[in-house]
Amino acid sequence: MTENNNFNETIAFKPERDNQKDIRDILTTVYNALEEKGYKPTGQIVGYLLSGDPTYITAHNGARKLIRVVDRDEILEELLNSYIND
């Protein structure tokens, strides 16, 4: 018995959101928190993106928790898209 429906297919679910704005806002908040604590923000964020180690990001102002909301791959993709398109 063969049914002609979509129950046998896998569907990727991605919630609707403005990824570019979300990621930009997150990175800005994290950057500012790192700067406020006296760190070199660019180096700290790069360290996090390369290693995945959240201790590169300060907990100040919830920055560590905030940056972990987005996959590192999505952050890198958005940074690359922004660099290429600007």
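As shown above, the structure is provided for reference.
Residues numbered from 1 in each chain as written. Predicted model: local features only at pLDDT ≥ 70, side-chain atom pairs only at ≥ 80, totals over all residues. Heavy atoms only, no water.

**Q** I'd like to hear about helix α4 (residues 72-85), residue by residue, with values.
**A** Note that an α-helix has 3.6 residues per turn; residues three or four places apart therefore point the same way. Across its 14 residues, α4 extends 20 Å between first and last C-alpha, which sits within 8% of the 20 Å expected from 1.5 Å per residue. Where α4 is concerned, the buried positions are Ile75, Glu78 and Ser82. One face of α4 carries all of its buried residues, which in axial projection span an arc of 65°. Facing away from the buried side of α4 by more than 90 degrees, the exposed set consists of Asp73, Glu77, Leu80, Tyr83 and Ile84. (Helix = DSSP H or I, 4+ residues; strand = E, 2+ residues; numbered from the N terminus. Expected span 1.5 Å × (residues − 1). Buried < 20%, exposed > 50% of the residue type's maximum accessible area, 1.4 Å probe, protein only. Arc of directions from axis to C-beta.)

**Q** Please set out the side chain of Thr58 residue by residue, giving values where relevant.
**A** Mapped onto the fold, Thr58 is located in the loop between α2 (41-51) and α3 (63-67). With relative accessibility at 10%, the residue Thr58 sits in the buried group. Within polar-contact distance, the side chain of Thr58 engages the backbone nitrogen of His60 at 3.1 Å. (Polar contact = N/O pair within 3.5 Å; in protein donor to acceptor, adjacent residues only side chain to side chain.)

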